[in-house]
Amino acid sequence: MLKGRKILLGVTGSIAAYKSALLIRLLVTAGAEVRVIMTPSAKDFISPLTLGTLSKNKVLSDVFNESEWANHVNLGRWADIMLVAPLSCNTLSKMAQGACDNLLLAVYLSATCPVMLVPAMDEDMWNHPATKQNLATVQGFGNILIPVVDGELASGLFGPGRMAEPTDIVEQLQFFFSINQQLKGKTILITSGPTYEHLDPVRFIGNYSTGKMGIALAKEAIARGAKVILVTGPTSETLPMNASIIKIKTADQMHEASMKYFPQADIAIMCAAVADYMPVHVASEKIKKHADTMTLELKKTVDILKSLGKIKKDDQVLVGFALETEHEKDNAVKKLEAKNADFIVLNSLKDEGAGFGGNNNKITIFDKAGNEFPFALKSKQAIASDILNCIIKNHA
């Protein structure tokens, strides 16, 4: 699986840098071509001579020296994947902020290939809120994270922070390359987040959707090689870097964008929580508070899933979402049939720990062949993987 793969290994200043030698040995033995970039501080922990000898390539560390210039753009385009192992707390922070004060960071910021990060740090650093925020930020950019493991740390403590073992990293790389071709050449349209239906210039009708599920789907599809078009309502979540992003606010705008991009899509996943109704009249000025009560006249918003179902071709896959609070299965199956969808993903607000705003979800997928696929409560990123696996496996 790794034979012929071009792997750019970044090594940062961490005591775990000694594991890089074994990691390189395993990658080269598996047939990969490995090139190594070290931060200046990484050389305090392991020598460039060691890593260069094992990789059979000169180790790079400086953007330029007296005799040559390291072309960071070409390096980022040469690799099939950039692997940073170990990733120190310091370099993680710089990646999250977009800092660029060494060659490794210059390559990272200009890389067009996927990036896999393998952190290593002490327990207290790992658990610090700033580290958690930085991890969320770099994952939001679309980077792949191999989490730390529990074990003995350089400080003498025992807990989370230990870098994953080289054999496990190689296994993760093999898994990545096994799936990242699944959707290569495919275009996936994903809608995400809420819509805001304006009452006046400062007020709107909306819902509690954050867009986390749709963004998780976009990241997973990108990781599998797809071209992703993400139509997103208002969200504070970090959007994936490698998707085509179309930002909208209203249901009409989402409908317009979906109809525009659906004809070029192989798969469309309508994950957005679109408002069911919109005001008949939108005030041009802020509505003043006068009477004790106010009556709003509402009308239905356009049914985006149904609109796409009407124009769907035989070679296209259409996936809808259903959020139900009662008669969940019956309503989901009815929606599947009425909208001419291939799959419906059912969410229930009755499932504790799932729903709007959280990091977890619990779903059941129904397809037009009458199959039902239930999944346990898990992270939305893991659920995104389940959804794509189900589509790939069960759609001829």
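None of the values given here were measured: they were computed from a predicted structure.

Each value, and the rule that gives it
Residues numbered from 1 in each chain as written. Predicted model: local features only at pLDDT ≥ 70, side-chain atom pairs only at ≥ 80, totals over all residues. Heavy atoms only, no water. Salt bridge = Lys/Arg side-chain N within 4 Å of Asp/Glu carboxyl O. Helix = DSSP H or I, 4+ residues; strand = E, 2+ residues; numbered from the N terminus. Buried < 20%, exposed > 50% of the residue type's maximum accessible area, 1.4 Å probe, protein only. Phe/Tyr/Trp six-rings, centres within 6.5 Å; stacked < 30°, edge-to-face > 60°. Axes fitted to C-alpha atoms, helices over the stretch in contact; angles between N-to-C directions. Parallel < 35°, antiparallel > 145°, perpendicular 65-115°, else oblique. Left-handed = near helix turned anticlockwise from the far one by under 90°. Contact = heavy atoms within 4.5 Å. Nonpolar A, V, L, I, M, F, W, Y, C, P; charged D, E, K, R; others polar. Pairing = 2+ DSSP bridges.

Novice: In this structure, what is going on with the pattern of salt bridges? I would like to understand it.
Specialist: Two side chains with opposite charge may pair up if their charged atoms get near one another. One pass over the structure, following the stated rule, counts 10 salt bridges. Between D342 and K312 there is a salt bridge whose closest N-O contact spans 3.4 Å. One end of the pair, D342, is in the loop between α12 (328–338) and β17 (343–348); the other, K312, is in the loop between α11 (304–311) and β16 (317–324), and 30 residues separate them in sequence. You can call D342 buried: its relative accessible area is 2%. By relative accessible area, which is 15% here, K312 ends up buried. Residue D386 pairs with K378 through a salt bridge whose shortest N-O separation is 2.9 Å.

Novice: Can you help me understand the packing of aromatic side chains in this one?
Specialist: Between two aromatic rings, the relevant description is the distance of the centres plus the angle of the planes. Here the structure, examined in full by the defined rule, presents 2 aromatic pairs. Consider the rings of F176 and F177, whose centres lie 5.1 Å apart with planes at 75 degrees: the pair is edge-to-face. No difference in accessibility class separates F176 from F177, as the two residues are buried.

Novice: Which parts of the structure should I look at to understand the packing of helix α10 (residues 251–261) against α11?
Specialist: Any two packed helices are characterised by how steeply their axes cross, that is the angle between the axes, and by the distance between the axes. Close contact between α10 and α11 brings their axes to 10 Å; oriented N to C, the two are set at 20 degrees. One way to sum up the angle between α10 and α11 is to call them roughly parallel. α11 is crossed by α10, and the crossing has right-handed handedness. Where α10 abuts α11, its residues A251, M254, H255, S258 and M259 lie against I304, S307, L308 and I311. Taken together, the residues of the contact of α10 with α11 break down into 6 nonpolar, 3 polar and no charged.

Novice: Mind showing me how you'd approach the sheet that holds strand β5 (residues 144–145) here?
Specialist: Across a sheet, paired strands are connected by hydrogen bonds in the backbone, their directions being either parallel or antiparallel. If you walk across this open sheet you meet the 5 strands as β2-β1-β3-β4-β5, and the pairing is parallel. For this open sheet the edge positions go to β2 (33–38) and β5, each flanked by a neighbour on one side alone. Most of the contacts of helix α1 (residues 19–29) go to strand β1 (residues 6–11), to which it runs at about 180 degrees, and overall it touches β1, β2 and β3 (81–87).

Novice: I tried to follow unusual backbone geometry on my own but got confused; where do I start?
Specialist: Apart from glycine, the bulk of residues carry a negative phi angle, and the bulk of peptide bonds sit in the trans form. Going from A85 to P86, the amide bond is cis rather than trans, its omega being 5 degrees. Mapping P86 onto the fold places it in strand β3. A positive phi angle is found at K56, which is not glycine, with a value near 65 degrees. Looking at the secondary structure, you find K56 in the loop between α2 (48–55) and α3 (72–78). Exposure remark for K56: the relative accessible area of 62% places this residue in the exposed category. For N340, which is not glycine, the phi dihedral falls at a positive 60 degrees. Overall, N340 belongs to the partly exposed group, its relative accessible area being 39%.

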